[in-house]
Amino acid sequence: MRRVLIPFLLGLQAIGAPNALAQAAPFNMAPGSARAPQTSPAPAPNQAAPAGPFDMRQPGSPPAAAPSPRPVDPQPASPAGTAAPFSMGPRNTAPSAGAVGNAPSPVRAPVVTNALPVRNVARIERPILPFETLRFEGETDARSWTFHLTQDEAASGATFSMGYKNAVVVMPEGSRLRIAINGESVLDTPIASSNDIKRVTSSIRPGLLRPGQNIIRMETLQRHRTDCTIAATYELWTDVDSASTRLIFAEGATKTLRGLDDLPAVGVDSTGVTTIRVVAPKIYRPEIRDRLLRLAQTVALRGRYAHPVIQVMESDPGPSPVGTIKVAMGLASELRGLVPGIPDAASVQPLTMMMQEPGSIGSTLVVAGPTWQDLDTAIGIVRTQTLNPLNAERGIIDTASWHWPEVPTAFGDQTFRFADLGVPTQEFSGRRLKADLAINLPSDFYATEYGEAILHLDAAYTSAVRPGSHVNVFVNGQISTQMTITTQGDIVRRHTVRVPLKNFKSGFNRVTIEAALMTDADARCAPGETLSETKRFVLFDTTTLEFPKFGRIGRLPDLAVLGAGRFSDEDLPTTVVLARPDALNLSAAGTLLARMARNAGRPVQAQFANAASAEDDSVLFIGAVDQIPPGMLDRVRVTEHLRMMWPSTPVADKGASQTASADFTMPLSQASPDRTATASTDEVRRRWSDTFQRRGIVQQTIGSVQDWLEKTFSLSLSSLKLEERTDAPYEPPQRASLLMAQSRSEGAGVWTLVTARTDRALADEMARLSNPLLWSQVSGRAIALEPREMKLQVEPISDYRFVQTQPPSLTNLRLVAANWMSANILQYALVMLACCTFLGVATALLLSRLGRRS
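J.: Mind laying out the packing of helix 3 (residues 286-303) against helix 9 (residues 583-600), listing which residues take part and the relevant values?
T.: With their axes 9 Å apart at the nearest point, helix 3 and helix 9 run at an angle of 40° to one another. The angle between helix 3 and helix 9 places the two elements in the oblique class. In this structure, helix 3 crosses over helix 9, and the sense of that crossing is right-handed. Side by side, helix 3 and helix 9 meet where Arg289, Leu293, Ala296, Gln297, Ala300 and Leu301 of the first sit next to Leu586, Ala589, Gly590, Leu593, Ala594, Ala597 and Arg598 of the second. Its residues assigned to classes, the contact of helix 3 with helix 9 comprises 9 nonpolar, 2 polar and 2 charged.

J.: Break down the pattern of salt bridges for me, citing the residues and quoting the values.
T.: Counted according to the given criterion, the structure contains 37 salt bridges. For Arg217, the salt bridge goes to Glu219, with nearest N and O atoms at 2.7 Å. Accessibility assignment for this pair places Arg217 and Glu219 in one class, buried. Asp444 is the salt-bridge partner of Arg552, the closest N and O atoms lying 3.0 Å from each other. Placement of the pair is Arg552 in the loop between strand 26 (544-547) and strand 27 (554-556) and Asp444 in the loop between strand 19 (432-441) and strand 20 (452-461), with a sequence separation of 108 residues. Of the two residues, Arg552 and Asp444, neither departs from the other in class, the shared state being buried. What you see here is one network of salt bridges that share partners, running through Glu139, Arg223, Arg431, Asp522 and Arg536.

J.: Explain the sheet that holds strand 7 (residues 176-181) to me, using residue names and the numbers behind them.
T.: Within a sheet, each strand pairs with its neighbour through backbone hydrogen bonds, oriented either parallel or antiparallel. The strand order across the open sheet formed by 4 strands is 5-10-7-8, and the pairing between neighbours is antiparallel. Taken across any chain shown, the strands that pair with only one partner, and hence form the sheet edges, are strand 5 (140-149) and strand 8 (184-190). Across the sheet, the axes of successive neighbouring strands diverge by a mean angle of 15°, strand direction being ignored. Relative to strand 8, strand 7 runs antiparallel, the two being bridged by 6 bridges. In the sheet register, Ala180 faces strand 8, and the bridge partner there is Ser185.

J.: Can you lay out the packing of aromatic side chains for me, pointing to particular residues and giving the numbers?
T.: In the structure shown here, the tally under the stated rule is 7 aromatic pairs. Between Phe416 and Phe547, the ring centres sit 6.3 Å apart and the planes meet at 80°, which makes this aromatic pair edge-to-face. Pair noted here: Phe416 is in strand 17 (residues 414-417) and Phe547 is in strand 26, with a separation of 131 residues, a long-range link. Taken as a pair, Phe416 and Phe547 share a single burial class, namely buried. Ring geometry for Phe504 versus Phe547: centroids 5.5 Å apart, planes at 80°, classification edge-to-face. Of this pair, Phe504 sits in the loop between strand 23 (490-500) and strand 24 (507-516) while Phe547 sits in strand 26; the two residues are 43 residues apart in sequence, bridging distant segments of the chain.

J.: I'd like a description of the side chain of Asn824, backed by residues and values.
T.: Mapped onto the elements of the fold, Asn824 is located in the loop between helix 18 (810-823) and helix 19 (825-850). A polar side-chain atom of Asn824 sits 2.8 Å from the main-chain carbonyl oxygen of Trp820.

J.: Account for empty space enclosed by the protein, with residues named and values stated.
T.: With the rule as written, the count across this model stands at 4 cavities of 30 Å³ or more. The space that makes up the largest cavity amounts to roughly 180 Å³. Thr146, Phe147, Gly267, Val268 and Ser401 are the residues nearest the centre of the largest cavity, which is lined by 17 residues in total. Broken down by secondary-structure element, the contributors of at least two residues to the lining of the largest cavity are strand 3 (125-127) and strand 5. In terms of residue count, strand 5 provides more of the lining of the largest cavity than any other element does, 4 residues in total. Tallied by class, residues from the lining of the largest cavity come to 9 nonpolar, 6 polar and 2 charged. In this structure, the second largest cavity encloses a volume near 90 Å³. Forming the boundary of the second largest cavity are Lys255, Leu257, Val266, Ser320, Pro321, Val322, Gly323, Thr324, Ile325, Ile361, Gly362 and Ser363.

J.: How would you sum up the sheet that holds strand 32 (residues 750-756)? Please name residues and give values.
T.: Taking strand neighbours across the sheet as the criterion, the 7 strands line up as 29-28-30-32-31-33-34 in an open arrangement whose pairing is mixed. The two strands at the open ends of the sheet, each matched to only one other strand, are strand 29 (606-609) and strand 34 (792-795). Direction aside, neighbouring strands of the sheet carry axes that sit 15° apart on average. Bridge analysis of strand 28 (residues 574-578) against strand 29 gives 4 bridges, and the strand direction is parallel.

J.: Describe the state of the cysteines, with residues and values.
T.: Within the structure shown, the criterion is met by 1 disulfide. Here Cys228 engages in a disulfide with Cys525; their sulfurs sit 2.2 Å apart. Because the torsion about its S-S bond is 75°, the bridge between Cys228 and Cys525 counts as right-handed. Remark: Cys525 occurs in the loop between helix 7 (520-524) and strand 25 (537-539) and Cys228 occurs in the loop between strand 10 (212-221) and strand 11 (237-249); sequence separation between them is 297 residues. Between Cys835, a cysteine without a disulfide, and Cys836, which holds the nearest cysteine sulfur, the sulfur-to-sulfur distance is 6.9 Å. Residue classification places Cys835 among the partly exposed positions, given a relative accessible area of 44%.

J.: Can you tell me about the nonpolar core, naming the residues and giving the values?
T.: Judged by nonpolar contacts, the single largest core of 58 residues is most densely connected at Ile622, Met740 and Leu769. Those residues in contact with Ile622, other than ones at most four positions away along the chain, are Val576, Val577, Leu578, Ala579, Asn585, Ala588, Ala589, Leu592, Val754 and Leu762. Residues Ala453, Val473, Val511 and Ala515 belong to the second largest nonpolar core, which totals 38 residues.

J.: Account for unusual backbone geometry, naming residues and giving values.
T.: The linkage connecting Trp404 with the following residue, Pro405, adopts the cis geometry, with an omega of 0°. Tracing the backbone through its elements, the reader meets Pro405 in the loop between helix 6 (389-394) and strand 17. Leu556 connects to Pro557 through a cis peptide bond whose omega is 0°. Inspection of the secondary structure puts Pro557 in the loop between strand 27 and helix 8 (559-563). Of note in this structure, Asn182 is not a glycine but carries a positive phi near 55°. Tracing the backbone shows Asn182 in the loop between strand 7 and strand 8.

J.: Let's hear about the pairing of strand 14 (residues 324-331): which residues, and what values?
T.: For strand 14, a buried count of 8 out of 8 residues is recorded, marking the element as mostly surrounded by other parts of the structure. Across 5 bridges, the pairing between strand 12 (residues 274-279) and strand 14 is parallel. When the sheet's bridge partners are listed, Thr275 is paired in strand 14 with Thr324. Note: strand 14 against strand 16 (residues 363-369), 6 bridges, orientation parallel. Paired with Leu331 across the two strands is Gly369, which belongs to strand 16.

J.: Lay out the confidence of the model for the protein chain with the relevant residues and their values.
T.: Of the residues in the protein chain, 76% reach a pLDDT of 70 or more, and the chain-wide mean stands at 80. The low-confidence segment residues 1-107, where pLDDT is below 50, has 167 contacts with residues more than four positions distant or belonging to other chains. Scored below 50 in pLDDT, residues 116-121 shows 22 contacts in the model against residues more than four places distant or in partner chains.

Parameters and conventions
- Residues numbered from 1 in each chain as written.
- Predicted model: local features only at pLDDT ≥ 70, side-chain atom pairs only at ≥ 80, totals over all residues.
- Heavy atoms only, no water.
- Axes fitted to C-alpha atoms, helices over the stretch in contact; angles between N-to-C directions.
- Helix = DSSP H or I, 4+ residues; strand = E, 2+ residues; numbered from the N terminus.
- Parallel < 35°, antiparallel > 145°, perpendicular 65-115°, else oblique.
- Left-handed = near helix turned anticlockwise from the far one by under 90°.
- Contact = heavy atoms within 4.5 Å.
- Nonpolar A, V, L, I, M, F, W, Y, C, P; charged D, E, K, R; others polar.
- Salt bridge = Lys/Arg side-chain N within 4 Å of Asp/Glu carboxyl O.
- Buried < 20%, exposed > 50% of the residue type's maximum accessible area, 1.4 Å probe, protein only.
- Pairing = 2+ DSSP bridges.
- Phe/Tyr/Trp six-rings, centres within 6.5 Å; stacked < 30°, edge-to-face > 60°.
- Polar contact = N/O pair within 3.5 Å; in protein donor to acceptor, adjacent residues only side chain to side chain.
- 1 Å grid on protein atoms, 1.4 Å probe; cavity = no way out; pocket = protein on both sides within 12 Å on 5 of 7 lines; lining within 4 Å.
- Points joined across faces, edges and corners; volume = space filled by probe spheres on them.
- Disulfide = S-S within 2.5 Å.
- Core = buried A, V, L, I, M, F, W, Y, C linked by side-chain atoms within 4.5 Å.
- pLDDT = per-residue confidence, 0-100.

Structure (structure tokens):
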């Protein structure tokens, strides 16, 4: 009897769960209603990290038993068939209806509730890599970021699974791959998979995972099989496979988003993307369009997603896959035909509710109301405080979901310790030590021509390190300075290394410290020498990077300001114009605005219109190339040939873009295929000799002087011209898949164009550009996105206008003038000549009147 009754009851419970979700009675959080206080259960104490060559505890991270930096308020389990009330708004109180938009004050209180946990039969698997590809290069490399879990996921058992593949020259006996979560090692395995992707798994200790934010750190230690030279270290790499790197939770575990604080737990898919599917009726209406784009930004902010992508739909797409959150927005009367299970409460008052999708682990965020004012109130519940006031005051950029620790902003006259930037003390026994850190600079940074940052290096090296070894400093992939080691064995304390600000830019900057070490043992390279663990160099975390007080002034145009999530004039909102109010254009616009909001830490100040008018100072136009109105390309200084060039040239296929020499060799072979194929060695030599003979002695001498000036003083003929610099119409590469261009308007703003070949390509390529690593490269007056490559072609700014961003001060004016004169040498020389002439004439006149002739 029991064998028959138990399965029967379980079946009834499984069938009744979706109905319970749809019919759950909402909980009215009217002002003045009390909510019982709840306490979070203390996590189990974590064990100490095991000792090893690497300290797996992330610098600056809390110990394993510490509470989450952004805790999620756990809720008690709800009884079967009932939905426990859960506040989606601020703690203990719900915002009044008049808090957002133009809603009147004496209105109905919004309804907020949560979904009922539903037990899942299949295993829940969560991808955790923030990028589609993650490569570790060199002898040492590391990455840290955070991921979020719900209360149900953290309480259930989990297994860490990972797949990787490495270079064939990596020695398995001396190479390790280590993973730590919340400061405790969970995986330590040899790197030994050069033929195919190898999958390894490791159980996670119960109590190590916690609700809310969890910190993960991956480190590699790689050694070469046979070669002991520094050059050989560039052959070492290990790729982590995003499709097989994930958390696998115990069978029967649940995933329930209990409130807005659980939005970060949506996670990512296997490419590192978090998709926000916005389902709304009649999206062509301005009332829906404006609210939809505002809501997309607030959801991306509350979720703290590394790579948010917006998909706008007019019908329910079905169950949400992993890394996807569905947002149903609109009037309650119109949503009933789109999304099943909308509660009756949405027809009488504002509603913000999280629903569990039937038969899926996905969740749907419902934002609805009976009127437009009520819908604004419901959106206001989502738009709570999205930026930590302390972080905003300190200039901390929220990069935790793809780079930990969060990146600080240097405003000038500041010093940063390596320990605070995520660089621990490292003892090293190899040939090339690499340490990465990140710094953010404000959008009005203007000191690239004269300023210097100071690196106060704390390090030590043994007598085995030969003179001639050096420490290089790279900024954004470009070498900035080098310190040469001249003695054998020394402890360096506060050694000054000057780093020019030339390669720094507004926004995110990556700084890399590399120590290239040469020893006699490496020169001999005896068998097994690469396995030596004798320490030869140590980099201390007390090393500091000091930024001087630099000039701050805005420039128009400058896409770096857009990349920082701001428009040119924050006081006047920019007008956003869509070529067509369809799903694809709305998706592209939503993705762009969500990316900008994530970088700025708050929703962007924008107004939306069907068309741009002559009175608009700042305009952001988004549309496919065949939808661009006449005159728009000329206004943003882009060649009109783009209309004919892009539709006639499809995007290059993947095979054509794999070889680095394709762009160089193809034009030559197409220009003269027969001559190239049949030309003899003598003909080629004669042609090159004629090229040099056509240059006379004078031309060769002038060329040598120019090369010497540029190499010695960074001077070129272009910097010695007096005529006004103008930007020629920009022509992007034919193979480019997306274009973003900007020019200054006649007023105080700028006009910006975002376009692609088709509206489908616009949505897809905008989703690719919103990758934080690609987006951090946005600068200049125009950018072109390369197809299927993590690379942008940036067009520099020549014709620009200054915009005051700081209160007037003589100090800032002096710094701005110093940078401008350093970039305009001839003008500076003429000013100095005029000053000297004026001083000489004034002195002569003064002496002629007051002086005495001898």
